[in-house]
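Reading the structure
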Amino acid sequence: MEFTITNARLIDDQVVDVIVSNGVISEIGSGLNKGEKIDAAKNLLIPGLVDLHTHLREPGREDSETVATGSMAAAKGGFTAISAMANTFPVADTAGVVEQVYRLGQEAGFCDVFPIGAVTQGLAGKSLAELGAMANSKARVRIFSDDGKCVSDPLLMRRALEYVKTFNGIIAQHAQEPALTVDSQMNEGIVSSKLGLVGWPAVAEEAIIARDILLAEHVGSRLHICHLTTAGGVDLVRFAKSRGINVTAEVTPHHLLLTDDLVTNYDSVYKVNPPLRTERDVLALRKGLADGTIDIVGTDHAPHPTEDKDCEWQSAAFGMVGLETALSVVVKAMIDTKMMSWADLVDRMSIAPAKIAGYLHHGQILKVGATANLTIIDTNANWIVDRNRLASKSKNTPFEGMQLPSRVVHTFLNGKQVLSNGEIVNGGAVE
Amino acid sequence: MNKHLLSINDLSAEEAFEILNTASELAKISDGPMKKLPTLRGRTVVNLFFEDSTRTRISFESAAKRLSADVINFSAKGSSVSKGESLKDTAQTLQAMGADAVVIRHGASGAAQRLADSGWISASVINAGDGTHEHPTQALLDAYTIRSKFPQFNQSFDGLRVAIVGDILHSRVARSNVLLLTKLGASVTLVAPPTLIPVGVADWKVKVSYDLDSVLKEVDVLMMLRVQSERMANSFFPSEREYSRGYGLDITRLNSLSKNAIVMHPGPMNRGLEISAESADSHKSVVLDQVANGVLVRMAVLYQLLGGATLIGEVSA
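Procedures and definitions
Residues numbered from 1 in each chain as written. Chains lettered and ligands numbered in written order. Predicted model: local features only at pLDDT ≥ 70, side-chain atom pairs only at ≥ 80, totals over all residues. Heavy atoms only, no water. Contact = heavy atoms within 4.5 Å. Buried area = accessible area lost by both parts, 1.4 Å probe. Salt bridge = Lys/Arg side-chain N within 4 Å of Asp/Glu carboxyl O. Polar contact = N/O pair within 3.5 Å; in protein donor to acceptor, adjacent residues only side chain to side chain. Nonpolar A, V, L, I, M, F, W, Y, C, P; charged D, E, K, R; others polar. Pairing = 2+ DSSP bridges. Helix = DSSP H or I, 4+ residues; strand = E, 2+ residues; numbered from the N terminus. Axes fitted to C-alpha atoms, helices over the stretch in contact; angles between N-to-C directions. Buried < 20%, exposed > 50% of the residue type's maximum accessible area, 1.4 Å probe, protein only. Phe/Tyr/Trp six-rings, centres within 6.5 Å; stacked < 30°, edge-to-face > 60°. Lys NZ or Arg CZ within 6 Å of the ring centre and 35° of its normal. Core = buried A, V, L, I, M, F, W, Y, C linked by side-chain atoms within 4.5 Å. Lys, Arg positive; Asp, Glu negative; His and termini not counted. UniProt positions renumbered as here; feature names shortened; annotations may be inferred.

All right, on to the interface of chain A and chain B then. With 20 residues of chain A at the interface, the matching set in chain B holds 25 residues. In this assembly, chain A packs against chain B so that about 1,700 Å² is buried in total across both faces, 48% of it on carbon and sulfur atoms. When the buried area of chain A at its contact with chain B is split by residue, Ser193(A), Tyr266(A) and Glu312(A) rank highest and sum to 35% of it. On inspection of chain A and its partner chain B, the count reaches 2 salt bridges. One salt bridge in this structure joins Asp203(B) and Lys194(A), with 2.7 Å as the shortest N-O distance. Scanning the region where chain A abuts chain B turns up 12 residue pairs in polar contact (both at pLDDT 80 or more). Residues belonging to the side of chain A that touches chain B are distributed by class as follows: 6 nonpolar, 8 polar and 6 charged.

Have a look at this one:
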C-alpha cells in the first residue's frame, strides 16, 4: 500500500510531500504523487505521540474503558503508541494478562498498545511479580509499575530495580508514601484546610522520589517517576540528573494547567491522584518540562463511569481522562506561554517517551526509512472540549467547555490512516 | 439571602446579623403564650441524617415544627461509602416526595454542597454538618449566644476576643466559627497542639497559639471543642492525660479567666478530657444556652430560606 501526504509542514517550517509505502516513509520531497493523495493543507507533520501512562481498564472494568475505546481515544489525540498500566482486574502481573492486553491492542488496530507489567503480585506490594516472564512474553514488557499504588517497601523497590537490569527494564514509580496519605483527598494546603478534606502533602511524593533516586544510584538501575506534581519533586529530579543518576520523570497535562483551588466546589471531576497542586507547583513543573528536567508528558488517562464520579467527593473515584485533550493542553500550558517550542513538544511527547520505553518504531525522526507513525496537527485551530464527543467510553474530563488550541487532524499507525479530519477510520488488525 | 445555607461564606455580615435579629424576635414570641407560628404551614422539611446526631436533628425538628412545617426524618446512616443508598438516589427520592428544604448531616466534607449543586434536587439545602468542613447553624447559634451575653457587641463583634481550643483540624464547628466570628469583627485565636492545627492555617484570619495558659486572661469567650479519643490512636497527641494537662479546661484555668468571660462547648462534652465537670457546670458555662438558642437560630434560618417575608410583618398581621 502506497500513498502521498502532500503539503505537510515540518517542524522547521519546510513544506514537503511524503510518500508512505508498506508502512514506512519511502520518499520526502516536493511534487511527489504516488497512490492516494492526502492533502495536509500545510498543517504540521510530526512523529506520532507516545504516552507511557494510560489506564485502559480491560480486563475487568470494561464499563469505563476497553482497549479498543482507549485506542480510539489515543488515535484522536494523535497518539500512535500508548502504554497500559497494570491495575486491571485481574492485575497485569503475569505473562497471560500482558499478552491479552497486547493482543487486544493489535486487534483494535488504532494505535500500538504496550502493556506495563505490575512490579508486585496483585499490586499488593508484598512480593515481586514474574517480571522476567512478562519481559519474555509476546508483549515484551520493559516498563513495570504498580501505578495507582506506590512500591513503598524500600527493600522490594531495591530488588525490583536490580532485577529488571537483566532485560534493561525500568521501574515506573507512583511516588506516594502511603503512611503520609491515609484517606487523603486533595493537596494539603490552604484549600484543604478550608474544605476540611484530608490532605495529600507534597512531602509524601518527595520522600519517595528522594529515596528511589538514591536506590537507583546505589544499584545502577533505571527509575522513572510517574506523574510528578510538586516543585520539590522537580528539584529532586534535577539534583539526581546532575549526579548522573539514571532517572526520568513525567508530568501530566492536567498538572501543567490546573490547580487545587478548583476543588473549592467539591466537584469530583477534579479529584485525581496525585492531586492538583498549587500555582507555584504548576509553574515549577512547566519550567522543569521546558528545561528537560522532566523528560516526558504522560496523560495518566484514567476513565471512570458516571456513577463513580456522581457522588460526594470522598466517595468519588480518583482520575481524569486525558488522551484526547493532552496535546492541546500542553500547547496551551507550554507553547502559548512561550516556554517551549514545537520541537520541544515533539521531544517530550513522542521522541523521549519512545526512547525511554524502547518503542523502536515510534518517536522516530521523520526521514526515509522511518516507520510511518505520524500525526498531523492544525496548529491554528481552536476547539471547545465537549465530553459527549470524546471517543473514550468515559466522560470525566476536567476540561469540559474549555477552549483549547491546536487540533489533531490525521493520525497514521504503521502506515495506515486511523484518523482522518478528526474522525476515526480503519480500525482492525494489520494484515 | 441565598437559597441554601451550605457554608458561612454564603452569608454577608449583614445577613448573619439579620438571622440573629430574627432569632431574637422569635425568642420574644417563644416567651409568649402562642409558641407556634403558622409561617411554614404546608411546607415540608426533611432531616436527612447520614450520621447519627440526635441533638442536632431534634433541634432542627423542633425548629421546623414551631414554624408549622411538616417534618420528615430520614435517617440514612451508612452512606454510599459503605455501599448503602447513594446520596444521589436519596436526594432524588426526596425530590419526588416534594421536600421544600433538606437539612443534611453527612460524614463527607462537601456533601451538602454536592447536594445543592448537583441538580438532583430543587429544595433549599441546609448544611447541618458535613465531615470536617462546616456546621454553619452551630456557628450562628454560638454567635447568638455570645451576643446575648455581651450586649455591647449587638451590632458588631469588633473588639470581641475569642479563643477556640482543641481539635481544629477535624472540627467543622471551628471552621464555621472562624469564618463567622471574623466576618462579624471578632479577633479569634486558635489554641491546640500543632498536630491538630491545619497546615494551611496561615491563610486563615486568626492567631494561633500552642499555649492555652497564655491566652486565658485575654479572652471574652473560650470555646472548647470536643476531642475524640481516636485521635490519640493516630498520634495526634500522646495520651488523654497529656492532652488534658495541656489543653483541658480545669478549675485552675477556669479561675484565671476574666470576670465576664464565658465558656462554650458545642457538645457532647467529654467531661474530664477537654473540660472538667466543675468548668462545664460553672456559672461561666453557657452550654445549655447554646442548646436552647439552637432551636431559635435554626427557626430563623428556615424562616429566611423558606418564609421570605419579614418576621415583623408576619407577627403584626
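Residues and elements named next belong to chain A. Taken together, the 5 strands give an open sheet; going across it, the order is S9-S10-S13-S14-S15, and neighbouring strands pair in parallel fashion. In this open sheet, the two strands that pair with only one neighbour each are strand S9 (143–144) and strand S15 (296–297). For strand S13 (residues 223–225) and strand S14 (residues 247–251), the ladder comprises 3 bridges, and the chain directions are parallel. Residue pairing in the sheet places Leu223 in a bridge with Val247 of S14.

Glancing now at the sheet that holds strand S8 (residues 112–115) of chain A. Residues and elements named next belong to chain A. Taking strand neighbours across the sheet as the criterion, the 3 strands line up as S6-S7-S8 in an open arrangement whose pairing is parallel. Looking at strand neighbours, the two that pair on one side only are strand S6 (49–54) and S8, the edges of this open sheet. Strand-to-strand twist in this sheet, taken as the mean axis angle between neighbours without regard to direction, amounts to 20 degrees. When strand S7 (residues 79–84) meets S8, the two strands line up parallel, connected through 4 bridges. Opposite Ala81, over in S8, you have Asp112 as the bridge partner. Lying on the sheet, helix H1 (residues 67–76) is in contact with S7 and S8; it crosses S7 at an angle near 140 degrees. Strands in contact with helix H2 (residues 95–108) are S7 and S8; relative to S8, the strand with the most contacts, it is inclined by about 175 degrees.

All names here are of chain A. Summed over all chains, the structure comprises 26 salt bridges over all chains. Linking Arg9 and Asp13 is a salt bridge whose minimum nitrogen-to-oxygen distance equals 3.7 Å. Looking at Arg9, the relative accessible area reads 19%, which means it is buried. By relative accessible area, Asp13 is classed as exposed at 52%. In this structure, Arg158 engages Glu162 in a salt bridge whose closest nitrogen and oxygen atoms are separated by 3.4 Å. In this pair, Arg158 and Glu162 both sit in helix H4 (residues 154–163), 4 residues apart, roughly one turn of the helix. Take Arg158: its relative accessible area is 27%, and that puts it in the partly exposed class. Judged by its relative accessible area of 27%, Glu162 is partly exposed. Each of Arg61, Asp63 and Asp308 takes part in a single network of salt bridges with overlapping partners.

Okay, the packing of aromatic side chains next. In this structure the tally under the stated criterion is 7 aromatic pairs over all chains. Within the aromatic cluster, the residues linked to one another by ring pairs are Phe237(B), Tyr243(B) and Tyr247(B). Above the ring of Phe318(A), the side-chain terminus of Lys271(A) is found at 4.6 Å from the ring centroid. Sitting above the plane of the Trp383(A) ring, Arg407(A) keeps its charged end 4.9 Å from the centroid.

This paragraph deals with the nonpolar core. With 95 residues, the main nonpolar core has Phe144(A), Leu228(A) and Leu345(A) as its most contacted residues. Those residues in contact with Leu345(A) that sit more than four places away from it in its chain are Leu327(A), Val330(A), Val331(A), Ile335(A), Met340(A) and Ser350(A). Of all hydrophobic cores here, the second largest spans 90 residues; its members include Leu141(B), Ile197(B), Ala261(B) and Ala280(B).

With that settled, the discussion passes to the side chain of Asp142(B). Residue and element names in this part refer to chain B. When you line up the elements, Asp142 lands in helix H5 (residues 136–149). With no salt bridge to any partner, buried Asp142 finds its closest opposite charge in Arg298, at an N-O distance of 8.1 Å. In contact with Asp142, other than residues within four places in its own chain, are Val173, Asn177, Met223, Met264 and Gln290.

Under the present numbering, the feature "domain: Aspartate/ornithine carbamoyltransferase Asp/Orn-binding" (unreviewed entry) in UniProt falls on residues 158–304 of chain B. Secondary structure content for residues 158–304 of chain B is 39% helix and 14% strand, and the end C-alpha separation is 25 Å.

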